[in-house]
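Here's the letter readout for the chains.
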Amino acid sequence: MFAFSFSQLRSLQAWGVMCSLVSLAGSGLAAPQPAIAQKVLIPRLTHPPALEDFLSMAPGTTTASQMVKITGFIQRNPHDGDPASKRTEAYLGYDEKNLYAVFVCFDDPAKVRARMSRREDIFDDDTVEIMLDTFHDRRRAYAFQTTPLGVQWDAIWTETPHEDNTGSTANFDPSFDTVWDSKGKLTSQGYVVWMAIPFKSLRFSPARQQSWGIILYRGILRENEDDFWPGISRSVEGRLAQAATASGLEGISPGRHMQFIPYGVLRSFRALDTRDPATPRFDHRDAELRGGIDSKFVIHDNLVLDVTANPDFSQVESDEPQITVNQRFEVFFPERRPFFLENSDFFKTPIDLFFTRRIGDPQFGARLTGKVGPYSLGILATDDRGPGNRVPDNDPLSGNRSTFTIARVNRDIRGQSSIGAIYTDWEFPAADAFNRVGGIDSRLKFNPNWTGNFQAVTSSTRNLDASHQGGPAYKAEATYSSTHLNYDANYNDISPGFTTSAGFVNRVDIREVGNTLDYRFWPESSPVLSWGPTLFTDNVWAHGGTRLDALYTPILAFQLKGRTYFNFSPYTDFRERLRPMDFPALGQDQDYHEHNHVISLGTSYLPKATVQAYYQWGTGVNFVPPATQPPALASEDLANLLLSFRPISALKIDNSYLFDRLRDLNSGAAIFNNHIVRSKWNWQFSRQLSLRLILQYTATLANPALTSLESTKQFNGDFLITYLVHPGTALYVGYNSDLQNLALDPVAGTITRTRNGYINDSRQFFVKVSYLFRF
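Since the structure is predicted, the reported quantities are computational estimates derived from the model, not experimental observations.

About the cut-offs
Residues numbered from 1 in each chain as written. Predicted model: local features only at pLDDT ≥ 70, side-chain atom pairs only at ≥ 80, totals over all residues. Heavy atoms only, no water. Helix = DSSP H or I, 4+ residues; strand = E, 2+ residues; numbered from the N terminus. Buried < 20%, exposed > 50% of the residue type's maximum accessible area, 1.4 Å probe, protein only. Contact = heavy atoms within 4.5 Å. Areas by Shrake-Rupley, 256 points an atom, 1.4 Å probe, with all protein chains shown as cover. Core = buried A, V, L, I, M, F, W, Y, C linked by side-chain atoms within 4.5 Å. Pairing = 2+ DSSP bridges. Axes fitted to C-alpha atoms, helices over the stretch in contact; angles between N-to-C directions. Salt bridge = Lys/Arg side-chain N within 4 Å of Asp/Glu carboxyl O. pLDDT = per-residue confidence, 0-100. Phe/Tyr/Trp six-rings, centres within 6.5 Å; stacked < 30°, edge-to-face > 60°. Lys NZ or Arg CZ within 6 Å of the ring centre and 35° of its normal. Polar contact = N/O pair within 3.5 Å; in protein donor to acceptor, adjacent residues only side chain to side chain. Patch = residues over 30% accessible without salt bridge, like charges linked within 9 Å, V, L, I, M, F, W, Y side chains within 5 Å.

Moving on: the overall build of the protein. For the protein, the count of helices and strands is 4 helices and 41 strands. The principal-axis extent of the C-alpha atoms belonging to the protein is close to 80 × 70 × 50 Å. Counting only residues that meet the buried cut, the protein has 52% of its 775 residues in that class. Look at the contacts in the protein between residues 6 or more apart in sequence, and 60% of them connect residues 24 or more apart. Surface summary for the protein: the accessible area is close to 33600 Å², and the carbon and sulfur share equals 58%.

Have a look at this one:
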């Protein structure tokens with residue numbers, strides 16, 4: 001005989017909802033049935049094509065005539081299935097070393113958006129792209145995209161969306177960087193782009209005759225137009241099932257090549273050391289030389305072993321600003337370090353079990369990734385000096401390091417479905433602490449519109465204080481995608497004892513059911529390209545049955561040409577319950593009823609400027625009251641403003657302002673004002689040489705009578721000169737400095753906040769050189 005608690009019944013009901021949604025997709029797994037795939041035979045060339053062969057926009061050279069010509073691009077946006085508004089011709093061919101693609105794009109050259117930008121900063125311009133599914137498994141593809149001037153962007157596309165390096169959900173992973181060549185030039189009839197993609201930069205099967213999936217793309221920014229060959233319809237979920245089949249590639253190989261990227265850094269720095277609060281002091285070096293190496297070895301064409309020793313990330317750009325004050329849960333900051341970004345998609349699962357920013361200061365690391373038959377493999381092992389560096393020198397744990405080991409395997413099954421397993425292990429031997437997580441997951445594609453993602457894992461942890469904890473976590477998601485209707489239903493079940501030291505799970509002891517429903521109208525002849533409502537709901541219960549959150553948000557969205565949008569949420573209703581276990585000043589559980597209104601808009605209609613704005617007003621909870629007081633409902637205003645403009649083609653200036661204000665609901669007195677102002681200047685002298693300057697001011701102005709926050713002020717400057725020949729070969733010269741409203745008393749051994757005074761708590765000058773050796 002079985003008995004279920006109220007919370008268990010809710011859990012079963014949620015699983016029932018998911019199963020009901022899945023049943024709508026049909027009984028059992030079925031291979032997706034897209035339209036009949038187009039085919040293209042890519043010819044072998046006797047001579048490489050040249051950009052100049054196509055500048056007449058009517059190529060007639062011998063080499064151009066040898067290449068296969070592709071026309072008939074089809075819109076996906078704004079009018080799914082219509083012919084492209086502008087004519088595009090693409091030419092494909094290959095030789096022993098490279099695949100060549102040439103795009104001849106007809107347009108009014110005065111309207112084409114093409115500016116000199118740094119590598120990967122291309123999305124303010126028109127673009128063309130080739131996607132290559134080299135294993136033809138309809139799961140993963142390389143993407144090579146350029147502007148009309150040949151500025152490069154490369155990425156990995158996966159059919160399963162994941163969090164990108166901005167924290168948003170996306171299918172593209174732009175952390176992939178490799179060596180390839182591109183050129184572009186405007187003409188009197190539009191523009192021409194030439195690409196050469198070395199087979200050494202790709203991974204594919206060792207078969208003599210290759211069969212790849214291929215997609216060609218052209219984007220016309222001012223029209224919000226996305227054109228594809230073959231047609232990639234919004235009515236079908238994903239892209240790769242709709243790709244054309246490319247044949248004719250024979251006798252090619254990526255080679256069992258090796259590459260080495262040694263680097264050297266010379267730096268001078270001064271920084272405030274606060275590891276021991278009783279004896280704060282400045283640490284400085286007039287000159288410090290360090291070096292390291294990144295290595296890559298290709299095994300049997302389709303496996304890659306990466307090894308790094310003493311990696312350095314001094315040239316990595318600082319994080320994009322986010323509001324972190326008055327946050328109840330940990331804020332997500334995406335990874336930005338190249339070694340951990342590359343091939344990170346091999347380790348992605350529905351629950352984020354591998355968040356590489358947990359690895360603070362590695363000295364050695366190794367990663368094996370690739371595909372063998374139907375199996376995708378990912379194994380990573382690295383140390384982390386962070387735990388031993390974050391404590392004072394006299395701490396018993398000083399100088400010790402932890403280790404991370406991640407193992408992931410995924411097997412393709414029928415259609416575009418897969419099943420996989422993951423194991424993560426964090427060990428800190430000096431403290432006899434560990435965290436181990438393991439489990440299984442699956443992606444099921446039921447038909448061209450319905451997909452499901454499922455995962456079940458469990459954790460075992462020995463904490464630094466020798467206590468033990470553990471527990472399971474589950475996630476299920478069903479997604480429906482079509483031209484007009486899109487729906488996502490998800491269920492998360494995180495037990496109270498679940499912990500992942502290698503991942504990012506910022507809330508436990510929850511059972512959560514969320515739904516997102518979109519409906520979009522696509523007018524044929526209207527300045528409005530699409531519009532429609534969105535409804536978002538989210539309900540959370542504790543495992544004991546207590547209802548914690550209930551959120552309901554309706555949104556009305558409009559999209560116009562020139563990447564212009566307008567979104568409005570007339571009323572957001574949010575109820576959350578706080579408990580004494582989280583906030584001891586509460587004598588008992590307390591409910592808070594919050595409501596908000598939101599408006600957001602943006603446009604890139606003007607070629608030289610992009611404007612985006614977000615404003616939310618209503619109520620919110622003060623989670624940081626004075627120490628003896630419970631959280632209280634307050635009036636809240638939240639605003640974001642972005643202004644990006646190009647006074648000249650080579651100069652791009654991005655300015656952003658973030659504002660969060662909390663006021664007492666009765667008196668109107670300020671609780672705190674939080675301001676973040678950031679200005680980023682990038683001057684691109686050529687495709688290789690650039691100068692970047694980032695200035696950021698952050699201030700939290702707090703009322704001590706109403707909050708436990710301190711008033712803080714910080715000013716940071718970051719200057720960088722980059723000469724980037726290609727990924728791996730570069731010269732960086734940089735300087736960064738940070739000022740805070742601190743006062744250091746070395747005699748008393750104290751650091752205090754000041755009202756107006758500042759000290760320079762860190763500054764650094766560095767020169768970094770790296771060079772790619774490829775064999």
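Additional details are given in the paragraphs that follow.
Attention shifts here to the nonpolar core. Most often, soluble globular proteins have nonpolar side chains that are buried together. In terms of nonpolar packing, the biggest core is built from 37 residues, with I130, F144, W212 and I214 touching the most fellow members. If we ignore the near neighbours within four places in the chain, the residues touching I214 are V40, L92, I130, M131, L132, W229, P230, A243, A244 and A246.

Moving on to the sheet that holds strand β4 (residues 88–94). An order of β2-β4-β5-β11-β10 is seen for the 5 strands of this open sheet, with the pairing classed as antiparallel. The open sheet is flanked by β2 (68–70) and β10 (181–187), the only strands paired with a single partner. Adjacent strand axes in the sheet meet at a mean angle of 15° when their direction is disregarded. By the bridge criterion, 7 bridges tie β10 to strand β11 (residues 190–198) in an arrangement that is antiparallel. Considered in β11, the bridge of G184 is made with V193.

Following the criterion strictly, the structure yields 43 salt bridges and no others. A salt bridge links R139 to D412; its shortest N-O distance comes to 3.0 Å. Taken together, the residues R139 in the loop between β6 (127–133) and β7 (140–146) and D412 in strand β20 (residues 402–412) connect sequence positions 273 residues apart. Each of D107, R218, R222, E223 and K561 takes part in salt bridges that share partners, so that together they form one network.

Quick look at the confidence of the model for the protein now. With 93% of its residues at a pLDDT of 70 or more, the protein shows a mean pLDDT of 89. Within the model, pLDDT remains below 50 along residues 1–35, and this stretch shows 53 contacts once partners closer than five positions in the same chain are excluded.

Looking along a regular strand, one sees the side chains alternate between the two faces of the sheet. Burial of strand β5 (residues 98–106) is extensive: 9 of the 9 residues sit out of reach of the surface. Taking every second residue as pointing to the same face, both faces of β5 are buried, with N98, Y100, V102, V104 and F106 on one and L99, A101, F103 and C105 on the other. In this structure, β4 lies alongside β5, joined through 7 bridges in antiparallel fashion. What sits directly across from G93, in β5, is Y100. With 9 bridges joining them, β5 and β11 adopt antiparallel strand pairing. Looking across to β11, one finds that F103 is bridged to V193.

Let us now look at the packing of aromatic side chains. All chains considered together, the criterion is met by 30 aromatic pairs. Judged by centre distance (6.4 Å) and plane angle (40°), the ring pair of Y100 and W194 falls under tilted. Taken together, the residues Y100 in strand β5 and W194 in strand β11 connect sequence positions 94 residues apart. Taken individually, Y100 and W194 each receive the classification buried, so the pair is uniform in this respect. Look at W531 and F558: their rings are 6.1 Å apart centre to centre, the planes differ by 15°, and that puts the pair in the stacked class. Here the residue W531 occupies a position in strand β27 (residues 528–541), and F558 occupies one in strand β28 (residues 547–560), the gap between them amounting to 27 residues. Of the aromatic side chains, those joined through ring pairs into one cluster are Y519, F521, W531, F558 and F566. Sitting over the ring of W194, K183 keeps its end group 5.1 Å from the ring centre. The ring of F434 has R436 sitting right over it, with the charged end atom 3.9 Å from the ring centre.

On to unusual backbone geometry. Here the bond from N77 into P78 is cis, since omega is 0°, no more than 30 degrees from zero. Looking at the element boundaries, P78 is found in the loop between β3 (74–77) and β4. Here the residue pair W229 and P230 is connected by a cis peptide bond, since its omega of -10° sits within 30 degrees of zero. By secondary structure assignment, the location of P230 is in the loop between β13 (225–229) and β14 (244–247).

All right, on to the side chain of Q696 then. Looking at the element boundaries, Q696 is found in strand β35 (residues 689–702). In this structure the side chain of Q696 is engaged in a polar contact, spanning 3.4 Å, whose partner is the side chain of T698.

Attention shifts here to a nonpolar patch on the surface. On the surface, I648, W683, F685, L689, F719, I721, Y723, V725, L731, Y735, F765 and V769 cluster together into a nonpolar patch covering about 1000 Å² of accessible area. Broken down by element, the residue count for the nonpolar patch peaks at 4 residues, all from strand β36 (residues 712–726). On the secondary structure map, V769 appears in strand β40 (residues 759–770). On the accessibility criterion, V769 (42% relative accessible area) is partly exposed.

The next point concerns the environment of G420. On the secondary structure map, G420 appears in strand β21 (residues 418–428). Judged by its relative accessible area of 7%, G420 is buried. As for G420 and R547, which are separated by 127 residues in sequence, their C-alpha atoms are 33 Å apart. Setting aside anything within four residues of it in sequence, one finds G420 in contact with R408, V409, N410, G439, I440 and D441.

The next thing to look at is the pairing of strand β12 (residues 212–220). Counting buried positions along β12 yields 9 of 9 residues, so the element is predominantly enclosed. Side-chain alternation along β12 places W212, I214, L216, R218 and I220 on one buried face and G213, I215, Y217 and G219 on a second face that is also buried. Relative to β12, β6 is paired through 7 bridges, and the arrangement is antiparallel. Directly across from L132, in β12, lies its bridge partner I214. In the sheet, β12 pairs with β14 via 3 bridges, with the strands oriented antiparallel.

Bringing the environment of Y552 into the picture now. Structurally, Y552 can be placed in strand β28. A C-alpha to C-alpha distance of 6.8 Å links Y552 and D538, two positions 14 residues apart in sequence. Beyond its immediate sequence surroundings of up to four residues, Y552 is in contact with F536, T537, N539, R547, Y571, T572 and D573. Side-chain polar atoms of Y552 contact the side chain of N539, separated by 3.3 Å. Of note is the side chain of Y552, whose polar atom sits 3.4 Å from the side chain of R547.

Along the chain, F404 turns up in strand β20. Between the alpha carbons of F404 and D383 there is a distance of 6.2 Å; along the sequence they are 21 residues apart. When near neighbours in sequence (up to four residues on either side) are disregarded, F404 contacts R358, I359, L380, A381, T382, D384, D425, W426, S501 and A502.

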